[in-house]
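What the coordinates show
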Amino acid sequence: MKVPLLDLKAQYRSLKSELDDTIIKIAESQYFILGPEVEKLEKNICDYLKCKHAVGVSSGTDALLISLMAVDIKPGDEVIIPDYSFFATAGVISRLNAIPVFVDIDLKTYNIDVNKIESKITPRTKAIIPVHLYGQAAEMGKLNEIAGNYGLKVIEDGAQAIGSQYIGGKYSGTLGDIGCFSFFPSKNLGCFGDGGMVTTNDDALYERLKILRVHGSKPKYYHKIIGGNFRLDAIQAAVLNVKLPHLNKWSQKRRDNAKLYVDLFVKSGLSEKPGITEYSKANKILLPETVYDNAGLTNYHIFNQFIIRAEKRDELRTFLSEKEIGTEIYYPIPFHRQECFNELVKNANYTENEFINSDIASSETIALPIYPELDKEQIRFVVDTISDFFTK
Ligand SMILES: *Cc1c(COP(=O)(O)O)cnc(C)c1O
């Protein structure tokens, strides 16, 4: 049985005629950049996330970059981020000649360890970028409290987390000063190329974001500030306007798939329960802390990825690929070990064990197929195959 990591064609087939029609309409209008479809998407996103403003941008990376520019991050400013995320989270800070400051993660959720943030704050710290990794909101209560105490801006990297909610039911991306989203095709809400979105409830930040998106010009050809070309294409917005009404259903399917994985792993004897961080005879694989109910009391995880930990991760991956099961390693190298940050890390005086958890995550985690169109038999096959690996 073939189980790909992701099958984008399955989703396309289910909406093909609507998607094809909307693209033809854009072709006929020859209106390609920003414009009515982008405005419609911005309104739809505001309604969906229950926030005041949304600004369509060219990618998730540019969403982060324009957000840092909007809160006026300057050369030498420090921005706190988790040590373990997609590269963009760190790269955008360095591109502004500011300094990313890495903080270790929590091994139950793979999100930033909020208890390790405060000791990293200096007079140069200006902002924190929590990443809602794999589709689960970071511990925003404590994080916002720290940011408030020190006057720091909070820019949420929600690239993997559109539709996820934090305890209390508020959506990721509406919990800090600015929320950033990516519509890269493999995200939970993906377009037909690159695209992104920035959200905020702050009127002044919204004005600045809109101006920065078009090279900082207002009125046209008059520049008080320097921005960039961060514009979203009409075709991408049109595709997203067709897909957005289906997002909750897709998220629920991902959650159902995650629940089935957990139930089957527990039944197979490979794991006692989610949230355990130490291996033992009864815990040969470690499952992420996952919460299924949404009584407004818990995180609503939307599982952009389903991640397990295993000591022989690379052998397991080879075994699964021989059985035609697709997997991926997110992310094999944490920021503090990236060559481009060698100099920065040397200057930062991190301690020996500073990144003990991100080192573990990068060497032991593996992503299993979780996309909405997976069927139960495929999930059973993945769990059975992993079970075979441990008993062979
Ligand atoms: C995908 C991703 C980004 C970047 O989004 P792009 O649209 O690919 O530029 C940023 N941060 C995280 C955590 C991501 O997963």
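If you're wondering where the values come from, they're calculated on a predicted model, not measured in any experiment.

Attention shifts here to helix α4 (residues 88-95). α4 sits mainly inside the fold: 6 of its 8 residues count as buried. Where α4 is buried, its residues meet α3 (60-70), β2 (78-82), β3 (99-103) and β5 (153-157). Positioned one or two residues after α4, Asn97 has a phi angle of 60°, which is positive.

Another aspect to go through is the domain arrangement of the protein chain. Partitioning the protein chain into domains gives domain 1 (8-103 + 110-246) and domain 2 (247-391). Placing a centre on the C-alpha atoms of domain 1 and another on those of domain 2 gives a separation of 25 Å. With 45 residues of domain 1 in contact, the opposing surface of domain 2 contributes 38 residues. With both chains or domains summed, domain 1 and domain 2 bury close to 3,600 Å², and 56% of this area falls on carbon and sulfur atoms. At the surface where domain 1 touches domain 2, the tally comes to 1 salt bridge. With a closest N to O distance of 3.0 Å, Lys120 and Glu354 form a salt bridge. At the surface where domain 1 touches domain 2, the tally comes to 24 residue pairs in polar contact (both at pLDDT 80 or more). Taken together, the elements giving at least two residues each to the side of domain 1 that touches domain 2 come down to α1 (8-29), β2, α4, β3 and β6 (165-166).

Next up on the list: the sheet that holds strand β11 (residues 306-310). Spatially, the 3 strands line up as an open sheet ordered β10-β11-β12, and their pairing is antiparallel. One side of each edge strand has no neighbouring strand; the edge strands of this open sheet are β10 (285-286) and β12 (365-368). Here 2 bridges tie β10 to β11, and the two strands are oriented antiparallel to one another. Within the sheet, the bridge partner assigned to Leu286 lies in β11 and is Arg309. Contacting β11 and β12, helix α11 (residues 356-364) runs over the sheet at an angle of about 50° to β12.

Another point: the nonpolar core. Counting residues in each nonpolar core, the largest one holds 55 residues, and the members touching the most others are Leu68, Phe102 and Ile117. For this core, the element with the highest residue contribution is α3, accounting for 7 residues. When residues of this core are assigned to domains, at least three fall in each of domain 1 (8-103 + 110-246) and domain 2 (247-391). In contact with Phe102, other than residues within four places in its own chain, are Ile81, Asp83, Ala90, Lys120, Phe335, His336, Phe341, Leu344, Val345, Tyr350 and Phe355. Counting residues in each nonpolar core, the second largest holds 29 residues, with Tyr261, Leu320, Leu368 and Tyr371 among its members.

Conventions and cut-offs
Residues numbered from 1 in each chain as written. Predicted model: local features only at pLDDT ≥ 70, side-chain atom pairs only at ≥ 80, totals over all residues. Heavy atoms only, no water. Buried < 20%, exposed > 50% of the residue type's maximum accessible area, 1.4 Å probe, protein only. Helix = DSSP H or I, 4+ residues; strand = E, 2+ residues; numbered from the N terminus. Contact = heavy atoms within 4.5 Å. Domains from an automatic or database assignment. Buried area = accessible area lost by both parts, 1.4 Å probe. Salt bridge = Lys/Arg side-chain N within 4 Å of Asp/Glu carboxyl O. Polar contact = N/O pair within 3.5 Å; in protein donor to acceptor, adjacent residues only side chain to side chain. Pairing = 2+ DSSP bridges. Axes fitted to C-alpha atoms, helices over the stretch in contact; angles between N-to-C directions. Core = buried A, V, L, I, M, F, W, Y, C linked by side-chain atoms within 4.5 Å.

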